[in-house]
Structures are given as C-alpha cells and as structure tokens.
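A look at the structure
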Amino acid sequence: MAVYVGIDVHKKYCHAALMDESGRIQREFRFDNTLQGASGLVNLARSIDSHVKAVVEPSANYWIKIYDRLEDEGVQVKLSNPSRTKAIAEARVKMDKLDAKTLAYLLRGNLVAESYVPTRKNRERRALIRHRASIMRMRVEVKNRIHMLLDKHDLSYEYTDLFGKEGLEWLRSLNLPRIDQQILQSNLQIIETVTAEIRNADIQIAKDAVNEEQAKLLMTMPGVDYYAAMILLSEIGDVKRFASREKLASWVGLAPQVHQSGDTQWTGHITRKGSKRARWILTQCAQSARQHDPKMRAFYERIEQKHGSSKAIVAVARKMLAIMYVMLTRNEPYHGENRQLTAQKHKRLERIANAA
C-alpha cells in the first residue's frame, strides 16, 4: 500500500493532492513553499499510509527546497518533465491540465515522465560556475561603458589590453569633465571589485577540481583546462544516464537535424537544443584543440576544406564530446594525451587552488 502525492509548485505556495492506493483523493490542500510546509505535508501523508511516493512539477528553481526536504524525509520523490508528462496525460488519461490531482493520478499509474535531478553537490558546483559566468558578463558590460566614454571624448590608446596593468594606469590618469570623470572612476571601481570576485570564484572552482578525478581525466585531452572540465561535468552530471555518445551529443545540441521524405534522408544544421553552456565550452575547447592536438587539427582541416571553418569547429566539438563520453564511461585518459601539456595544466590548477 502507498499514498501518492502530486505537488504543483509555485513561488510562495504549493498545491498538493494525496491519493490512496484505490485512486481516491484523500486530501487536497495548499501549503507554504517552505521547508516547514514540506515537512507538514509528509506528516499528513504518513497519517494515511507510511509508504509515501511523491511527484513534483518544477517551476523555475522553486521546486528545489521542496524536493530536497521530501528526499531528506525518506520520501520516494520524482521530478516531472512537464511537457512529456502533459503529453502522456492527454494521450493516456484524457487530461490536458497538469494539476496536483493529475500528477497524483499519473504517479499511481507509473506514468510520470521524469526529469533528471543532479546531485546536490553537482547543483552547488553548477551554481558557482553559473555565478562566475554572470559576473563575467557584468564585467564585459562595464568595460563596454568605458569604451563608450573614450569614444565620446575621442580618446585612443595603443595598449593590446586596455584593462591590463598599463592600460588601467592610463585610464586612472585621465582627466575628463567632472561628471564623466566620476562615471569613469565608478566603472573602474566596479571592474576592480568584480575582478576580485571572479578570482574568488576561480579559486573555489579550482579547489573543487583538484579533488575531482573526472575533471583531471578530461584535462588529459588537449584543449580542455580545469574550468572547461568543471563546466562539462556540472552540466552533464552522471554521464552514464546517456545510453550512447549519440544521445549525449543530442542532449548537448550538437547532433545534426535529420530530415526525411519518403526514402530520402538528409541532415541539416545542429539542433542547438540542450545545454547552451556545454555547447559553448565545447566549441571553445575545439578552437584550442585544433591548435594543440595533431589529430584534431587534421580532422578540422579536412572538414574545413569541404564545409568551412564554422562547421569544422562544430564537427571537432562533437568529436571531442564523443571521445569524452568514452573516457568518462571507461575511466580512461585521452589516447592522444600530451603528457607535458597535461602536467602544465595540473600545475596551473594547483597554483590557482592554493592561491591566497
């Protein structure tokens, strides 16, 4: 026997429906989207039956604390994939609305299409990496504002990096009209603060990478540093949840679209569905690999001659991802490893992780 709990999550509150083994709704109510509210839900469900199963419909990140608390309470909990579960509901039980009652009904019939839920450690890792990306974008925006100020006053410079040591000294020495000078100094202060925060994030990510064997495994591939490895691990999660490297490529959005008409089949551009961050970092890795990995360089040049640079880079990224899949599933280093280059990457990783 069991009680089946369907939970429709909102920002401040949740709707819950408790269904017994026979399919009857025992209780339907609203509770606060808090840890205390989730614990109260579990206690109420267990007053009906000690064996509790639950399904949570995600809404932004509001589902996380409810899901975690249910898991902590020993509840067998699933995270619903809204679009796929709704399609099942419409096809199998003729319901077009995914409310709490429908979720409970589908859970009882084992008809819920689940979404993958990363481990808490991986969610924390992903949050830190995404935080770093957001403050990197913030710094780019501030730099662009400074460039606009320089253009406004027709100021040119010869520094290769305007925001390097010499460039910053030059920027601080400028004497602009009062308001623009205040804006410039403010933006320079923001850059200094944001750069310090980026460095702090880098150190924390490096400390995590030092103890992550899979990150070190990926770093044996030319073009992949510790940061790229940690992005990929945080986005992909458990690689064994993908049955094949083709399925992983499809999830990342690097698989080509397939079109078919009758007996004729042809491929188009990549789908671009899935993890944008994983897809972005893989293309960055591909750019580096074609310079440092003879095998990838030869593969890139062969594709480039036929289809151009952009498609060649995507092809390299897809090939690297396929190799990574094998490396991670078999726990093997890259067969074309440049050990000297790997040692340099590990040395840099240790230096950043041990930075004060």
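**Quick word on the overall build of the protein**
Helix and strand counts for the protein come out as 14 helices and 7 strands. A compact globule built from 356 residues would reach a C-alpha radius of gyration of about 21 Å, whereas the protein, at 26 Å, exceeds it by more than 25%. With respect to the three principal axes, the spread of C-alpha positions in the protein is 75 × 60 × 45 Å. Counting over 356 residues, the protein shows a buried share of 44%.

**Remarks on the sheet that holds strand 5 (residues 76–79)**
Taken together, 5 strands build an open sheet; the order of strands is 3-2-1-4-5 and the sheet is mixed. The open sheet has two free edges, formed respectively by strand 3 (25–32) and strand 5, since each of these has just one partner strand. In this sheet, adjacent strand axes meet at a mean angle of 20° when their direction is disregarded. Bridge count between strand 4 (residues 52–57) and strand 5: 4 bridges; the pairing is parallel. Looking across to strand 5, one finds that A54 is bridged to V77. Across the sheet, helix 1 (residues 35–48) touches strand 1 (3–9), strand 2 (13–19), strand 3 and strand 4, and the angle it forms with strand 3 is around 170°. Across the sheet, helix 4 (residues 100–108) lies against strand 1, strand 2, strand 3, strand 4 and strand 5, angled at about 140° from strand 1, the strand it touches most.

**A word on the confidence of the model for the protein**
Averaged over the protein, the pLDDT score is 90; the fraction of residues at 70 or greater is 93%. Within the protein, no element has a lower average pLDDT than strand 7 (residues 264–270), which sits at 46, and none a higher one than helix 7 (residues 178–210), at 97. Every residue in residues 258–268 is under pLDDT 50, and counting partners more than four places away or in other chains gives 15 contacts.

**Examining the packing of helix 5 (residues 120–152) against helix 9 (residues 226–236)**
Across the interface, helix 5 lies against helix 9 with an axial gap of 9 Å and an inter-helix angle of 130°. By the angle between their axes, helix 5 is oblique relative to helix 9. For helix 5 against helix 9, the interelement crossing comes out left-handed. Residues N122, R125, R126, I129, R130 and R132 of helix 5 touch helix 9, and the partners they reach there are Y227, M230, I231, L233, S234 and E235. When the residues that make up the contact of helix 5 with helix 9 are grouped by side-chain class, the tally is 5 nonpolar, 2 polar and 5 charged.

**Focus: the pattern of salt bridges**
Tallying each qualifying case throughout the model produces 13 salt bridges. For R120, the salt bridge goes to E71, with nearest N and O atoms at 3.8 Å. Of this pair, R120 sits in helix 5 while E71 sits in helix 2 (residues 64–72), and the two are 49 residues apart along the sequence. Exposure remark for R120: the relative accessible area of 34% places this residue in the partly exposed category. Classification of E71 as partly exposed rests on a relative accessible area of 38%.

**Describing the packing of helix 10 (residues 245–252) against helix 13 (residues 309–330)**
Relative to each other, helix 10 and helix 13 sit at 130°, their axes nearing to 9 Å. With respect to helix 13, the element helix 10 is oriented oblique. As helix 10 packs across helix 13, the resulting crossing turns out to be right-handed. From helix 10, R245, L248, A249 and V252 reach across to helix 13, where they touch R318, L321, A322, Y325 and V326.

**Structural notes on the packing of aromatic side chains**
Evaluation of the coordinates by the stated rule reveals 5 aromatic pairs. An angle of 50° between the planes, with centres 6.0 Å apart, marks the rings of Y157 and W170 as tilted. Taken together, the residues Y157 in the loop between helix 5 and helix 6 (165–173) and W170 in helix 6 connect sequence positions 13 residues apart. When its relative accessible area of 18% is taken as the criterion, W170 is described as buried. Ring geometry for Y159 versus W170: centroids 6.0 Å apart, planes at 50°, classification tilted. Here Y159, found in the loop between helix 5 and helix 6, pairs with W170, found in helix 6; they are 11 residues apart in sequence, far enough to count as distant. Among the aromatic residues, ring-to-ring pairing joins Y157, Y159 and W170 into one connected group.

**Remarks on the environment of V316**
Its place among the elements puts V316 in helix 13. Looking at V316, the relative accessible area reads 0%, which means it is buried. Sequence spacing of V316 and A243 is 73 residues, and the spatial spacing of their C-alpha atoms is 21 Å. Not counting the four nearest positions on each side in its chain, V316 is found in contact with A286, M296, F299 and Y300.

So, how was this worked out
- Residues numbered from 1 in each chain as written.
- Predicted model: local features only at pLDDT ≥ 70, side-chain atom pairs only at ≥ 80, totals over all residues.
- Heavy atoms only, no water.
- Helix = DSSP H or I, 4+ residues; strand = E, 2+ residues; numbered from the N terminus.
- Rg over C-alpha atoms; globule rule 2.2 N^0.38 Å.
- Buried < 20%, exposed > 50% of the residue type's maximum accessible area, 1.4 Å probe, protein only.
- Pairing = 2+ DSSP bridges.
- Axes fitted to C-alpha atoms, helices over the stretch in contact; angles between N-to-C directions.
- Contact = heavy atoms within 4.5 Å.
- pLDDT = per-residue confidence, 0-100.
- Parallel < 35°, antiparallel > 145°, perpendicular 65-115°, else oblique.
- Left-handed = near helix turned anticlockwise from the far one by under 90°.
- Nonpolar A, V, L, I, M, F, W, Y, C, P; charged D, E, K, R; others polar.
- Salt bridge = Lys/Arg side-chain N within 4 Å of Asp/Glu carboxyl O.
- Phe/Tyr/Trp six-rings, centres within 6.5 Å; stacked < 30°, edge-to-face > 60°.

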